[in-house]
Amino acid sequence: MYLLMDVEPLPAQASRIVLAVRPAADADIDDSTFRVEKIPLASLSPKRPTQVLVQVKYISIDAGMRLELIENLPWNHAIPLKIGETMRAETVGVVVQLHRDYKGKFDIGDEVICNAGWVTYGLLEESEIKRIETTDAVNAIDYLGSLGGTGLTAYFGLTDIGKIKSGETCFVSGAAGAVGSTACQLAKIQGAKVVGIAGGPVKCKYLVDELGVDVALDYKSSSFAAEFKKAGHIDVFFDNVGGYMLDMALANLNKRARLVICGGVSQYGKEPTGITGTLNLVPKAARMEGFSVWDYRNQYQEAQRNISRWIEDRKIKCRFYIAEPFERCPQHLANLLKGINVGKITDPLY
């Protein structure tokens, strides 16, 4: 069980990680991409009665962050980070300071989720933070996993775009990652046969032994193409990878299949390559649709209630890849883009 550390005396300084040099679209993140800055913590004291100071405990690290480092690509939906701007990120923290005239709904010590970014302390408006509720089964860190943006992405992608049904076959690419692992479990809850795709035997074993997928395919295996076809035709393809894997799915569809385009990590940090199999959508009367989880923000609470119930019932698990220290956040992101992690990467700040 995750236990939030007691609120400690406030330090003299806070840290933040900002973009120092914009990497080329096809370049890796390296030690020169970001820099760590120290600022007086007093500069973050609430200046208005509506402001709250949050001590960050966990930082979410996600593949989509790579898109925020790219400029001038027409397909990029992310708002590019400016040089000197703090890296954006979803965070879990605790309220440590309020304005002397504060009359809002939060108290010192409340656990909250917010988008504070790569910082040790964040000054936010009350409207930008949300109190989180924990139980014996639901921990604070789950709000960066199954109950956070990654879990909600899987939930809405499968239920609204994919419209997954019992008895159907659902393929999930990037299945051992944060979104993919939740998607696999949600599809199983709905009664689907689940085929998870991941890189390497360790990840494939995790998919079968811990998440209960029916078939795990290793895309690094020399027999991957044959095993992909053998696994059956696809009713729902939940895609986190794009590229040649999406083309393989397009060639292996059932009638009225749905392809849920969640992401394309194989195309991040490089010029995207085109796919060739879209004409198969016509005879299969299939549909391919992208989406953003932010479009569903008015439905988050209902989704979180459902997911919380499944966590309580042990139908959903989330493995966290705990990475530290704070100053190494850029390296953790680089490792994520290389596929090193299993599950959700978070950086803990104690």
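Residues numbered from 1 in each chain as written. Predicted model: local features only at pLDDT ≥ 70, side-chain atom pairs only at ≥ 80, totals over all residues. Heavy atoms only, no water.

**Examining the pairing of strand S5 (residues 111–114)**
In regular strands, side chains alternate between the two faces of the sheet.
Then comes step 1: Across the two faces of S5 the burial is the same, with Glu111 and Ile113 and Val112 and Cys114 all buried.
Then comes step 2: With 4 bridges connecting them, strand S4 (residues 91–98) and S5 associate as antiparallel partners. Counterpart to Thr91 in the pairing with S5 is Cys114. (Buried < 20%, exposed > 50% of the residue type's maximum accessible area, 1.4 Å probe, protein only. Helix = DSSP H or I, 4+ residues; strand = E, 2+ residues; numbered from the N terminus. Pairing = 2+ DSSP bridges.)

**Section: the layout of surface pockets**
Then comes step 1: Here the second largest pocket defines a volume of roughly 270 Å³.
Then comes step 2: In terms of lining residues, the second largest pocket is bounded by 15 residues, among which Ala137, Asn139, Asp142, Ile311 and Cys318 are the most central.
Then comes step 3: Its residues placed into classes, the lining of the second largest pocket shows 9 nonpolar, 2 polar and 4 charged. (1 Å grid on protein atoms, 1.4 Å probe; cavity = no way out; pocket = protein on both sides within 12 Å on 5 of 7 lines; lining within 4 Å. Points joined across faces, edges and corners; volume = space filled by probe spheres on them. Nonpolar A, V, L, I, M, F, W, Y, C, P; charged D, E, K, R; others polar.)

**Some thoughts on the sheet that holds strand S11 (residues 234–239)**
Then comes step 1: Judged by pairing direction, the sheet is parallel, and its 6 strands sit side by side in the order S10-S9-S8-S11-S12-S13 without closing on themselves. Of all strands in the sheet, those bounded by a partner on one side alone are strand S10 (215–218) and strand S13 (287–290). Put simply, the sheet's adjacent strands are angled 15° from each other on average, direction ignored.
Then comes step 2: Relative to strand S9 (residues 193–198), strand S8 (residues 169–172) is paired through 4 bridges, and the arrangement is parallel. When the bridges of S9 are listed, Val172 appears paired with Gly196.
Then comes step 3: Contacting S8, S11, strand S12 (253–261) and S13, helix H1 (residues 149–162) runs over the sheet at an angle of about 145° to S11.
Then comes step 4: Contacts from helix H3 (residues 201–209) reach S9 and S10 within the one sheet, and its direction differs from that of S10 by about 170°. (Axes fitted to C-alpha atoms, helices over the stretch in contact; angles between N-to-C directions. Contact = heavy atoms within 4.5 Å.)

**Focus on the pattern of salt bridges**
Then comes step 1: Inspection of every chain in the model, using the stated rule, returns 13 salt bridges.
Then comes step 2: Where Glu168 meets Lys165, a salt bridge forms, and the shortest distance between an N and an O atom there is 3.4 Å. (Salt bridge = Lys/Arg side-chain N within 4 Å of Asp/Glu carboxyl O.)

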